[in-house]
Amino acid sequence: MEKSNNITIFILLGLSHNKNIEILCFVLFLVCYIAIWMGNVLIMVSITCTQLINQPMYFFLNYLSLSDLCYTSTVTPKLMTDLLVEEKTISYNNCMAQLFTTHLFGGMEIFILMGMAYDRYVAIYKPLHYAAIMSRQRCNTIVLACCTGGFVHSASQFLLTIFLPFCGPNEIDHYFCDVYPLLKLACSNTHKIGLLVIANSGLIALLTFGALMFSYFFILYTIRGYSMQSRSKALSTCSSHITVVVLFFAPALFIYIRPDTTFPEDKVFALFYTIIAPMFNPLIYTLRNTEMKDALRKVWCHQTLLERK
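Notes on the structure follow.

Calculation rules
- Residues numbered from 1 in each chain as written.
- Predicted model: local features only at pLDDT ≥ 70, side-chain atom pairs only at ≥ 80, totals over all residues.
- Heavy atoms only, no water.
- Pairing = 2+ DSSP bridges.
- Helix = DSSP H or I, 4+ residues; strand = E, 2+ residues; numbered from the N terminus.
- Contact = heavy atoms within 4.5 Å.
- Axes fitted to C-alpha atoms, helices over the stretch in contact; angles between N-to-C directions.
- Core = buried A, V, L, I, M, F, W, Y, C linked by side-chain atoms within 4.5 Å.
- Buried < 20%, exposed > 50% of the residue type's maximum accessible area, 1.4 Å probe, protein only.
- Disulfide = S-S within 2.5 Å.

**Points about the sheet that holds strand 3 (residues 171-172)**
Read across the sheet, 3 strands follow the order 2-1-3 without closing on themselves; strand pairing throughout is mixed. Bordering the open sheet on either side are strand 2 (89-91) and strand 3, each of which pairs with just one other strand. Of the pairings in the sheet, the one linking strand 1 (residues 9-12) to strand 2 comprises 3 bridges and is antiparallel in character. Following the sheet pairing, Ile9 is matched in strand 2 by Ser91. In the packing of helix 4 (residues 92-125) onto the sheet, contacts are made with strand 1, strand 2 and strand 3, and the angle to strand 2 comes to roughly 85°.

**Let's talk about the nonpolar core**
Phe10, Leu61 and Phe166 are the most contacted members of the largest nonpolar core, which has 93 residues in total. Ranked by the residues each element gives to this core, the list is headed by helix 4, at 15 residues.

**What about the state of the cysteines?**
Here the structure, examined in full by the defined rule, presents 2 disulfides. Between the sulfur atoms of Cys95 and its disulfide mate Cys177 the distance is 2.0 Å. Of note, the bridge from Cys95 to Cys177 carries an S-S torsion of about -120° and is left-handed in sense. Of the two residues, Cys95 is situated in helix 4 and Cys177 in the loop between strand 3 and helix 7 (179-185); the sequence distance between them amounts to 82 residues. Two residues share a disulfide in this structure: Cys167 and Cys187, whose sulfurs sit 2.0 Å from each other. In this pair, Cys167 sits in the loop between helix 6 (136-162) and strand 3 while Cys187 sits in the loop between helix 7 and helix 8 (191-222), placing the two residues 20 residues apart along the sequence. Exposure remark for Cys187: the relative accessible area of 37% places this residue in the partly exposed category. If the cysteines joined by disulfides in the protein chain are listed in sequence order, their pairing comes out as 1-3, 2-4.

Structure representation (structure tokens):
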């Protein structure tokens, strides 16, 4: 198929056409974005500056926070800027770049969550061999695999879109560039590409979500015979992970598991995995985790004492 592109700029329709609602959304998302940066940076500093970085679970949590920051930063700043202007435009090249980076960091986050689930499985199911299995070399390999998986996923989405011909309407009914809204604008039959998107994004999300939930429920089943204290600690950790998984995957599955159709609700659901999940992840992992709370106190109380001296 020969590519014919007459489109150099796309118009993003955004979340609303009401100026008052847009100003309200800007204030809300600004607060959320600041909270995302503060929460995730606090986690990364608290982990890297303490002995927690030597524990695989927190090693992965550090990278999860980093991917959260990168992921939301591919979308949120542009969204907030567009809420303050009349014409919400994005160039073709920037649109393709945004498509690539959102799926890159989103894919990395999905695979890091898989790595965290594997870590909890080994910790509970094979506690005597945990240190040997989850060595630093193994953890580095898992993180590298997560980055590679995210890149392969993103590159495939990018290649499915970059060769589409755009020669007609240029209004994207979304607040960022994503595959399905772009498929609607292509002046060619995109049915087969839509099926490939389902096979890529939808199937990956579904299989990963299923594997994650199965692993955590299997862990919860396994700890039935443990002592009350061990059960309580494992339950607290697993419940935090399950909350994050559901918050991220449920809206993503709603959007990517169906054929190439779009609904007005897609933009609202997309907010969950682009802004809300990255904002709540630090709260979920710290409020229910004694070790993280102790690390936060140790790092920031030490910093306060140094400043007073």
